[in-house]
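# Chain and residue survey
In case you want the letters, here they are:
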Amino acid sequence: MTAWPTTVAEAEAEQDRLRPLVDLTDAGPPPRTVAGLDVAYADGDERLVAAVVVLDAGTLAPVDQAITIGRPAFPYVPGLFAFREIPALLDALDRLTVRPDLLVCDGHGLAHPRRFGLACHLGVLTGLPALGVGKTHLTGDWTMPGERRGDASPITLDGVTVGAVLRTQDRVRPVFVSPGHRCSVAGATAQVLALAPRFRLPETTRAADHACRAALAERTR
DNA sequence: GCGACAG
DNA sequence: ATCTTGTCGC
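Residues numbered from 1 in each chain as written. Chains lettered and ligands numbered in written order. Predicted model: local features only at pLDDT ≥ 70, side-chain atom pairs only at ≥ 80, totals over all residues. Heavy atoms only, no water.

Within chain A, the regular secondary structure consists of 5 helices and 8 strands. Starting at the N terminus and walking to the C terminus, you meet the elements of chain A as α-β-β-β-α-β-α-β-β-β-β-α-α. Whereas a compact globule of 221 residues would reach a radius of gyration of roughly 17 Å, chain A reaches 16 Å, a difference of no more than 12%. When its C-alpha atoms are laid out on the principal axes, chain A stretches across 45 × 40 × 35 Å. The buried share of chain A, taken over its 221 residues, is 51%. (Helix = DSSP H or I, 4+ residues; strand = E, 2+ residues; numbered from the N terminus. Rg over C-alpha atoms; globule rule 2.2 N^0.38 Å. Buried < 20%, exposed > 50% of the residue type's maximum accessible area, 1.4 Å probe, protein only.)

Here is the structure:
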C-alpha cells in the first residue's frame, strides 16, 4: 500500500481507487463467527482505543477479543472517517487468534458519498466479508420504516439501493445498514437483525464498545 | 447561496 | 467521538 493519505484529495483518490474492488455478492456459507469493531477516544484527538470482539454467530457468546492503543490517523472529515480509525482497527484485527467470518463495523459501507465507507474499506483491505451499521444517517434518500422489529426501508443514491434503514426493536430508532464487502443489502440487513435480538445495536458493536471503554478506564488509572 | 455532514 | 444528572421504565 502507498503512504497513508494526508490530504482530503489524497484520501478521496484512494477511495476511488479501491472502490472497484468491492464485491456485493453474499459470501457462500453463513458466518460461523462475527466480529464487532469499535473505537473510543481519550484526550480529545490525542489517543484512542480500538477493539475487536469475536462472537459465535449462533450463540452470540464471545470467542476472542483484541485491543490496541493508538492515535487517530486522519482528522475527522465526514466521508473520510475511515482514514481516521482503520490503522488502529487493522492492528487490533492482527492480534486476534481467529479469523472472523464477518466484520460488523461502526459506520457506513456503501451508503457513502463515494460509495466507499469504512465497512467497504475494511472489507477490501482484509478480504473479509464486512457490513456497516450506522446510528445516524450520512447520505442517501430514505424514509422512516414501520415501527416493528424487522421493518425496513431502502436507502438510495441516484435511484440505486445502497442500504437499508432497519428497525431492530419495536418502537426504537432504526439503524442504517449497508454492505461493506462480499455481501448484499439484503444479506447485510438479515445479518444485523439476527445480531440484534434484544437491543437496538447488534451484540457485536455492543461488545466492542464495552471492550473499548473498559480498556480506556483501565488505562486511565 | 444555504443546509447536511458516519465517529 | 466526548462533555454530563436525574429520571422514567422494563
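We now examine the protein's contact with DNA strand B. Surrounding DNA strand B, one finds 17 residues, the nearest of these being Tyr 76, Gly 79, His 108, Lys 135 and Thr 136. Of all DNA strand B atoms lying within 4 Å of any protein atom, the proportion belonging to sugar or phosphate reaches 53%. Between DNA strand B and His 108, the relevant distance is 3.0 Å, taken from a base nitrogen to a main-chain nitrogen or oxygen of the residue. Looking at the surface near DNA strand B residue by residue, the class counts come to 6 nonpolar, 8 polar and 3 charged. (Near = heavy atom within 4 Å. Polar contact = N/O pair within 3.5 Å; in protein donor to acceptor, adjacent residues only side chain to side chain. Nonpolar A, V, L, I, M, F, W, Y, C, P; charged D, E, K, R; others polar.)

Structurally, the α-helix is built with 3.6 residues per turn, so residues lying three or four positions apart point the same way. Buried residues dominate helix α3 (residues 118–126), accounting for 7 of its 9 residues. Those residues of α3 that fall on the buried side of the exposure criterion are Leu 118, Ala 119, Cys 120, His 121, Leu 122, Gly 123 and Val 124. Close packing links the buried residues of α3 with α1 (8–18), β1 (33–42), α2 (82–94), β4 (102–106), β5 (130–134) and β8 (175–181). (Contact = heavy atoms within 4.5 Å.)

It is worth spelling out the protein's contact with DNA strand C at this point. Taken together, Ala 40, Tyr 41, Lys 135 and Arg 213 make up all the residues around DNA strand C. Side-chain polar atom of Lys 135 to a phosphate oxygen of DNA strand C: 3.4 Å apart, as the coordinates give it. Grouping the amino acids of the surface near DNA strand C by side-chain chemistry returns 2 nonpolar, no polar and 2 charged.

Let us now look at the side chain of Thr 139. With respect to the helices and strands, Thr 139 occurs in the loop between β5 and β6 (152–157). In this structure, Thr 139 is in contact with Ala 111, His 112, Pro 113, Ile 155 and Leu 157, ignoring residues within four places of it in sequence.

What follows covers the UniProt feature "binding site: Mg(2+)" (unreviewed entry) in chain A. According to UniProt, the positions carrying the feature "binding site: Mg(2+)" (unreviewed entry) are Asp 38 and Asp 106. The largest pairwise C-alpha distance within this set of annotated residues, which runs over 69 residues, is 6.1 Å, so the set is compact in three dimensions. With respect to the secondary-structure elements, Asp 38 resides in strand β1. With near-sequence residues (within four places) excluded, Asp 38 lies in contact with Val 49, Ala 50, Ala 51, Leu 89, Asp 106, Ala 208, Asp 209 and Cys 212. Positionally, Asp 106 belongs in strand β4. What makes Asp 106 buried here is its relative accessible area of 19%. (UniProt positions renumbered as here; feature names shortened; annotations may be inferred.)

This brings us to the state of the cysteines. Applying the stated criterion across every chain, the model contains 0 disulfides. You can see Cys 120 has no disulfide; the closest cysteine sulfur is in Cys 183, sitting 8.6 Å from it. Residue classification places Cys 120 among the buried residues on the basis of a relative accessible area of 0%. (Disulfide = S-S within 2.5 Å.)

Turning to the UniProt feature "site: Interaction with target DNA" (unreviewed entry) in chain A, a few remarks are in order. The positions that UniProt labels "site: Interaction with target DNA" (unreviewed entry) are, in the present scheme, Tyr 76. Counting through the fold element by element, Tyr 76 comes out in the loop between β3 (62–70) and α2.

With that settled, consider the nonpolar core. One finds Val 104, Leu 131, Val 133, Val 175, Val 177 and Val 192 to be the most contacted residues of the largest nonpolar core, which totals 24 residues. Elements with a minimum of two residues in this core: β1, β2 (47–56), β4, β5, β8, α4 (185–195) and α5 (203–219). The greatest single-element share of this core, amounting to 5 residues, is contributed by α5. By size, the runner-up hydrophobic cluster in this structure holds 22 residues, among which are Ala 35, Ala 88, Ala 92 and Leu 122. (Core = buried A, V, L, I, M, F, W, Y, C linked by side-chain atoms within 4.5 Å.)

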